[in-house]
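An overview of the molecular structure
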Amino acid sequence: MAKKIYGIIGDPIEHSLSPAMHNAAFDAIGLDAVYLAFRVPQHEVGDAIKGAKSLGILGLNVTIPLKEKALAFVATEEVATKIGAINTIEFCSGTPVGYNTDGLGSLKVLKETVGNINGKTVLILGAGGAAKAIAYYLDTAGATVTIANRTKERATLLVSNLRNANAISLAAAELKDSIKDSDILINTTSVSMHPNEDATLVTADLMHPELVVFDIVYNPMETKLLREAKKAGVKRIIDGVMMLVYQGAASFKIWTNREPPIGVMEKAVRAALSRDF
Ligand code: ATR
């Protein structure tokens, strides 16, 4: 039987750790499969998805900046439709079907650190595809969510689909007020992602020690935001590794219907991070 092919589309894509993570998982369960990274510019996302189907590719992850654009070229399951963004496509049934496992991954990570999310106040930086997924899951879990975004209209649009949320800009005064009252701060923007390691939207002076600070960026593992959190005496800091692992594990389950080897996936990500960054 031919080797099964899976992959990830995005732009840029060369620093993605998903190939290392999924290939290690395929090896661990003895599946004759390979996972490849494809750089796809925004205007070609539809052609890429159609082409993948024709080539017999069985599953794709979708990353920055394609998570919302890709939605138009797949049938979506219910949660992904509500979120308005996808990070996973499976082609097994003929029609490409889009899923979103980002929110699930982030909720699992947060629950491991914070416990119950119900009643927590959360500030999310960013209003893109990842923010939409995380905000949807937190809102559904009973958190009060604030979205802070450079383009405020995008934040306003996002919160209009949530139960209990509001939108602010990135102005320092607004951020300061919001963080003062927050239990959890989450960065979903690409600010501070390699190669802009010294950029951050929030600095130590705006944080308090009881805040939980979570950066979904994993390259570098310790972002400038997390370094600022340490400076502010923040005790609970979460990097992006386990969210990458959990969202990837959920995609793996959708594609293969096999139990994902989470430990193997985490090990592969940490090994690749210590090599590349
Ligand atoms: P994804 O789908 O992975 O979330 P995205 O849709 O491209 O990616 O969203 C990226 C997010 O990072 C957006 O919230 C974006 O802000 P805008 O909506 O104003 O574009 C935010 N972002 C990216 N670069 C930024 C920067 N230099 N300063 C502030 N926000 C930035």
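Remember, it's a predicted structure, so these values are computed and weren't measured experimentally.

Conventions we followed
Numbers given for residues are sequential positions, taken from 1 along each chain in its written order. Predicted model: local features are reported for residues with pLDDT of at least 70 only, side-chain atom pairs are reported and counted for 80 or more only, and whole-chain, interface and lining totals are derived from all residues. Computation of side-chain values: all heavy atoms of the structure, hydrogens and water removed. Only runs of H or I of at least four residues qualify as helices and only runs of E of at least two qualify as strands under DSSP, and these elements are numbered from the N terminus. Each radius of gyration is computed over the set of C-alpha atoms, and the globule rule expresses the reference value as 2.2 Å times the number of residues to the power 0.38. Here's how the labels work: a residue is buried when its accessible area is under 20% of the maximum for its type, exposed when over 50%, partly exposed in between, all with a 1.4 Å probe on protein chains only. Contact definition: two residues touch when any of their heavy atoms are within 4.5 Å. Charge assignment in this entry is limited to Lys and Arg as positive and Asp and Glu as negative, and neither His nor the chain termini are counted. Where a charge sits is defined by one atom per residue type, namely NZ (Lys), CZ (Arg), CG (Asp) or CD (Glu). Pairing between strands requires that DSSP locate at least two bridges from one strand to the other. Axes here mean lines fitted to C-alpha atoms, for a helix over just the part in contact, with angles spanning 0 to 180 degrees between N-to-C directions. Here a residue counts as near a molecule or strand whenever at least one of its heavy atoms sits within 4 Å of it. In the analysis that follows, any N or O atom pair within 3.5 Å is treated as a polar contact, provided that within protein one partner can donate a hydrogen and the other can accept it, and provided that, for residues neighboring in sequence, both atoms belong to side chains. Each residue is assigned to one class: nonpolar for Ala, Val, Leu, Ile, Met, Phe, Trp, Tyr, Cys and Pro, charged for Asp, Glu, Lys and Arg, and polar for all the others, Gly among them. The split of the chain into domains comes from an automatic or database domain assignment. Take a side-chain nitrogen of Lys or Arg and a carboxyl oxygen of Asp or Glu: if they are within 4 Å of each other, that pair is a salt bridge. Put simply, buried area is how much 1.4 Å-probe accessible surface two parts lose in total, over both of them, once they are put together.

Comments concerning the overall build of the chain
Looking only at helices and strands, one finds ten helices and twelve strands in the chain. Here the C-alpha radius of gyration of the chain, 18 Å, is about what a compact globule of 277 residues would show, namely 19 Å. Based on the C-alpha atoms only, the size of the chain along its principal axes is roughly 60 × 40 × 35 Å. Residue burial in the chain is summarised as follows: out of 277 residues, 52% are buried. Considering only contacts in the chain between residues 6 or more positions apart, those separated by 24 or more positions represent 66%. Across the chain, the 29 positively charged side chains and the 29 negatively charged ones have centroids separated by 2 Å.

Looking at the sheet that holds strand 7 (residues 121-125)
Ordered by their spatial adjacency, six strands build an open sheet running 9-8-7-10-11-12, and the pairing between neighbours is parallel. Across the chains shown, the open sheet's two edge strands, defined by having one partner strand only, are strand 9 (165-168) and strand 12 (236-238). Adjacent strand axes in the sheet meet at a mean angle of 15° when their direction is disregarded. Bridge count for strand 8 (residues 144-148) against strand 9 is four bridges, and the pairing is parallel. For Ile147, the partnering residue across the bridge sits in strand 9 and is Ala167. The sheet strands contacting helix 5 (residues 129-140) are strand 7, strand 8 and strand 10 (184-187), and the helix crosses strand 7 at an angle near 170°.

Some details on the site of the ligand
Around the ligand sit 17 residues in total, of which Ile64, Ala127, Asn149, Thr151 and Arg154 are the nearest. At a separation of 3.0 Å, an oxygen atom of the ligand approaches a polar backbone atom of Gly129. In the environment of the ligand, an oxygen atom lies 2.4 Å from a nitrogen or oxygen atom belonging to the side chain of Thr151. The class makeup of the residues in the shell around the ligand is six nonpolar, seven polar and four charged. Here the shell around the ligand spans two domains, since at least three of its residues come from each of domain 1 (4-100 + 242-276) and domain 2 (103-239).

Some points on the pattern of salt bridges
Applying the stated criterion across every chain, the model contains 14 salt bridges. Measuring nitrogen to oxygen at the nearest pair gives 2.9 Å for the salt bridge that ties Arg270 to Glu266. Of this pair, Arg270 and Glu266 both sit in helix 10 (residues 262-276), four residues apart, roughly one helical turn. Through salt bridges with shared partners, a single network forms among Glu68, Lys132 and Arg154.

A word on the pairing of strand 3 (residues 59-62)
It is a general feature of regular strands that their side chains alternate between the two faces of the sheet. Both faces of strand 3 are covered, namely the face carrying Gly59 and Asn61 and the face carrying Leu60 and Val62. Where strand 1 (residues 4-10) lies against strand 3, four bridges are found, and the strand directions are parallel. Across the sheet, Tyr6 pairs through a bridge with Gly59, a residue of strand 3.

Points about the environment of Ile49
With respect to the helices and strands, Ile49 occurs in helix 2 (residues 45-55). Distance from Ile49 to Lys235, taken between C-alpha atoms, is 43 Å for residues 186 residues apart in sequence. Filtering out sequence-adjacent residues up to four positions away, Ile49 remains in contact with Ile9, Ala70, Phe73, Val74, Ile89, Phe91 and Pro96.

Observations regarding the domain arrangement of the chain
Assigned domains within the chain: domain 1 (4-100 + 242-276) and domain 2 (103-239). Put simply, the middle of domain 1 and the middle of domain 2, counted by C-alpha atoms, are 24 Å apart. Facing 20 residues of domain 1, the contacting portion of domain 2 comprises 25 residues. Buried area between domain 1 and domain 2, summed over both chains or domains, comes out near 1,800 Å², and the portion from carbon and sulfur atoms is 65%. When the buried area of domain 1 at its contact with domain 2 is split by residue, Ile83, Met243 and Tyr246 rank highest and sum to 33% of it. The interface formed by domain 1 and domain 2 contains two salt bridges. Run the count over domain 1 and domain 2 and you get six residue pairs in polar contact (both at pLDDT 80 or more). Put simply, the parts of the chain that give the side of domain 1 that touches domain 2 at least two residues each are helix 3 (78-83), helix 9 (241-256) and helix 10. If you tally residues by element for the side of domain 1 that touches domain 2, the top one is helix 9, at six residues.

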